[in-house]
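Reading the structure
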Amino acid sequence: MASSVITLHYHDQTKHHFRRFARSVGYLDWATQPDPFRRYDGAPVAELPRARVADAVPYAALFDGTAPAAPFTRPSIAEFLRCSMGLSAWKQYGASRWALRVNPSSGNLHPTEAYLLAEGRLWHYAPREHALEERGRLDEAAWTGWFRSPSGAEGFLVALTSIHWREAWKYGERAFRYCQHDAGHAIGALRLAAALLGWQLALLPRWSDAQLATLLGLDRDADFPDAEREEPECLAVVSGGDASWWVARDPEALVDAARMAAWRGTANRLSPGRVEWPMIDEIAAVTRYPGGRDPEAGIRGPGSGIGNRRTLAPSDAPPHRRTAAPSHQRGTSARAILLQRRSALAFDRESGLSRDAFAGMLRRLRPPSPPWDAIDWLPHVHLALFVHRVEGLAPGVYAYLRDPAVLPEWTAAMRQEFLWAAVNDPDDLFLLAPLDCRRLANRVSCDQDIAEDGFFSLAMIARVESSLREHGEWFYRRLYWECGLIGQVLYLEAETTGGRATGIGCFYDDPVHDVLGLSGHTWQSLYHFSMGVPVDDPRLTTEPGYGWETR
Ligand SMILES: Cc1cc2nc3c(=O)[nH]c(=O)nc-3n(C[C@H](O)[C@H](O)[C@H](O)COP(=O)(O)O)c2cc1C
């Protein structure tokens, strides 16, 4: 099968339908539940400092680049990891106790592992202990020769991998999608934690996945004797200034150094047994990134021209019982918001969102501000929103274009009866159909109340078929990363309004397309999302992520 056919075949095979879910074992086999914490037995462990380095940075600085640049020291690197991939809480219900993390994950299964390469040493981050495990030591001269920039700017590398089995244990074949969403959320978490410290973060497009596997020791069979393997996802540079020098750097000398490195540690086995999902191995292989892309070339967002816009009259929608508004974001601590992010389990069904907060959060979803400067492609994902309670907006189905050039394509691709009435705040938000769409949103999001009970829910609609054809199969993963980045921004924005959000990976794919009138594979829904005022479950108790931190 040609590779693009394999990717679209995987995509179709892992769709949920009203009468049939994507293939999984269909029950939770608790005996093989994967350990959420990877460790490398025998690798030296270095505990990380616990100091709060960036307490005073205001939330808005995450996006406007005004946080003062921290020096590259152990406490600041520890803070970077703590505020991106660390633990945010421990929850308990009866005898069950589980950790939550700063980065969200479908089913809280956390397939994403993080690595750090600094001063020639490769470290695996162990979030439970907030510690680093030394996996490899590269030749110092080789490291310095590769990393030291002519400007003398400091920094380090950070990488992400996925352990597919963690998600496949619960979700079967659809799990590869969730691993990619989670990787996108983690990229967003890393980028915004870098912004907290006044640093830049950029993915390195010249590195192939094979080169990354060598750099991280993932291709060392002897270190994974009976452990679940890790799939390389991405490598990024974190720097105090412009990252373009590292972005353009040829990887090969550093890959050679990794081949000659002194390696330590053996990966732990996460489950006593596992179910094989050959389709996941196949889609992983087909979407591996071949690397070598010229960073100057970049990847544009397709589309052209601006179509006709009709202007929408102000809505006479009734006011809501309680309205969540942007809370003086200047004063809100960015660190506090990053660490308090959680998924809502249920919403109160009555609170509304202020128009300012809604417009503000949509604007944050567009480049070039962080986290969008971490990636080198322009928007390929746009939003179809199911608005329930946003002040001054009629309930209904809306479109928000993250790139206005896509308007003519979307108007042509979607239902002819849609209004496309421009809502001028923010730009490029359009009312398609005024209606009470609460039941509809619930139904298409796998009958989940969270899609119905909040301020709004939404579908992230990605340009799939032509992107794969133009860029390559590897771009399939990036489309999910883009969705994860959108989700990560919205999770944080929800917290600043006094609301809360929840990612929604479970939705009925083609029924969503039917609602919008989309056909074929040009545009596909890849991720749903919801936001509202949360209703907590009083049976759950909460403790801090780390015993040494009090709240
Ligand atoms: C990609 C993704 C898909 C998710 N899908 C759903 C979903 O369909 N329904 C749901 O209730 N929660 C969903 N969640 C929320 C997760 O269950 C939640 O992130 C996880 O339990 C960890 O909790 P936390 O976000 O509070 O840290 C999803 C989260 C992510 C990142």
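Within each chain, residue numbers correspond to sequence positions counted from 1 in written order. For a predicted model such as this one, the threshold for reporting local features is a pLDDT of at least 70, and the threshold for listing and counting side-chain atom pairs is 80 or more; totals across whole chains, interfaces and linings nevertheless cover every residue. Working from all heavy atoms in the structure, the side-chain values ignore hydrogens and water.

1. Focus on the overall build of the protein
Only DSSP runs of H or I with at least four residues qualify as helices, and only runs of E with at least two residues qualify as strands; both kinds are numbered from the N terminus onward. In terms of helices and strands, the protein carries 18 helices and 23 strands. Atoms counted for the radius of gyration: C-alpha only. Globule rule: 2.2 Å times residue count to the power 0.38. Computed over the C-alpha atoms, the radius of gyration of the protein is 22 Å, within 12% of the 24 Å expected from 2.2 N^0.38 for a compact globule of 551 residues. When burial is assessed residue by residue, the protein has 61% of its 551 residues classed as buried. Contact definition: two residues touch when any of their heavy atoms are within 4.5 Å. In the protein, once contacts between residues fewer than 6 apart in sequence are set aside, the share between residues at least 24 apart is 83%. With residues, only the protein chains shown are counted as cover, and all accessible areas are computed by Shrake-Rupley using a 1.4 Å probe. Summing over all exposed atoms, the protein offers an accessible surface of approximately 20500 Å²; the carbon and sulfur share of this is 51%. Each charge class in the protein was averaged separately, 60 positive and 68 negative side chains, and the resulting centres sit 3 Å apart. Note on exposure labels: buried denotes an accessible area under 20% of the residue type's maximum, exposed denotes more than 50%, and partly exposed covers the range between, all computed with a 1.4 Å probe on protein chains only. Charged residues are defined narrowly, with Lys and Arg counted positive, Asp and Glu counted negative, and His plus the chain ends left uncounted. Charge positions are represented by NZ for Lys, CZ for Arg, CG for Asp and CD for Glu.

2. A closer look at the site of the ligand
Neighbouring the ligand are 22 residues; R341, S343, Q448, G503 and G505 lie closest to it. Side-chain atoms alone can form a polar contact between residues adjacent in sequence; in general such a contact is a pair of N or O atoms within 3.5 Å, and within protein one must be able to donate a hydrogen while the other accepts it. Side-chain polar atom of S343 to an oxygen atom of the ligand: 2.6 Å apart, as the coordinates give it. Here a nitrogen atom of the ligand sits 2.8 Å away from a polar atom, N or O, in the main chain of G505. Taking 630 Å² as the accessible area of the ligand by itself, protein coverage stands at 84%. Broken down by secondary-structure element, the contributors of at least two residues to the shell around the ligand are β4 (96-101), α6 (175-196) and β21 (500-504). Summary of the distance rule: residues count as near a molecule or strand when at least one heavy atom falls within 4 Å of that molecule or strand.

3. With respect to the sheet that holds strand β23 (residues 541-544)
What makes two strands pair is DSSP finding at least two bridges between them. Taken in spatial order, the 3 strands of this open sheet run β4-β3-β23, and their pairing is antiparallel. On the outer flanks of this sheet lie β4 and β23, each paired with one strand and no other. Within this sheet the neighbouring strands show an average axis-to-axis angle of 25 degrees, counted without direction. As paired elements, strand β3 (residues 87-93) and β23 share 4 bridges and run antiparallel to each other. In the strand pairing of β23, K91 is matched with T542. Every axis corresponds to a line fitted to the C-alpha atoms, with the helix fit spanning only the stretch in contact, and the corresponding angles, defined between N-to-C directions, vary from 0 to 180 degrees.

4. Considerations on the pattern of salt bridges
Salt bridge criterion: a side-chain nitrogen from Lys or Arg within 4 Å of a carboxyl oxygen from Asp or Glu. Under the criterion given, the structure shown has 44 salt bridges. For E228, the salt bridge identified is with R274, shortest N-O distance 3.7 Å. Of this pair, E228 sits in the loop between α7 (209-216) and β10 (231-239) while R274 sits in the loop between β12 (266-267) and α10 (278-286), and the two are 46 residues apart along the sequence. The exposure class of E228 is buried, given its relative accessible area of 2%. Between R402 and E482 there is a salt bridge, and its shortest N-O distance comes to 2.8 Å.

5. Quick notes on a negative patch on the surface
Two distance rules govern patches: like charges are joined within 9 Å, and nonpolar side chains (Val, Leu, Ile, Met, Phe, Trp, Tyr) within 5 Å, applied only to residues with over 30% relative accessible area and no salt bridge. A surface patch of negative charge is lined by E119, D139, E140 and E154. Tracing the chain through its elements places D139 in the loop between β7 (131-137) and α4 (140-147).

6. Things to note about α7
Within an α-helix, residues lying three or four positions from one another point in the same direction, as the helix has 3.6 residues per turn. Summarising burial for α7: 7 of the 8 residues are buried, a large majority. Those residues of α7 not exposed but buried are D209, Q211, L212, A213, T214, L215 and L216. Positioned one or two residues after α7, G217 has a phi angle of 75 degrees, which is positive.

7. Quick look at the nonpolar core
Nonpolar core, defined: a set of buried Ala, Val, Leu, Ile, Met, Phe, Trp, Tyr and Cys residues in which side-chain atoms within 4.5 Å join the residues together. Ranked by internal contacts, the top residues of the largest apolar core, which has 116 residues, are F80, F156, W199, F358, L385 and F456. It is helix α17 (residues 475-496) that provides the largest number of residues to this core, a total of 13 residues. Here F156 is in contact with F72, I77, F80, L116, L117, A118, F147, W199, A236, V237 and V238, once residues within four sequence places are set aside. Residues A159, A213, V247 and A258 belong to the second largest nonpolar core, which totals 33 residues.

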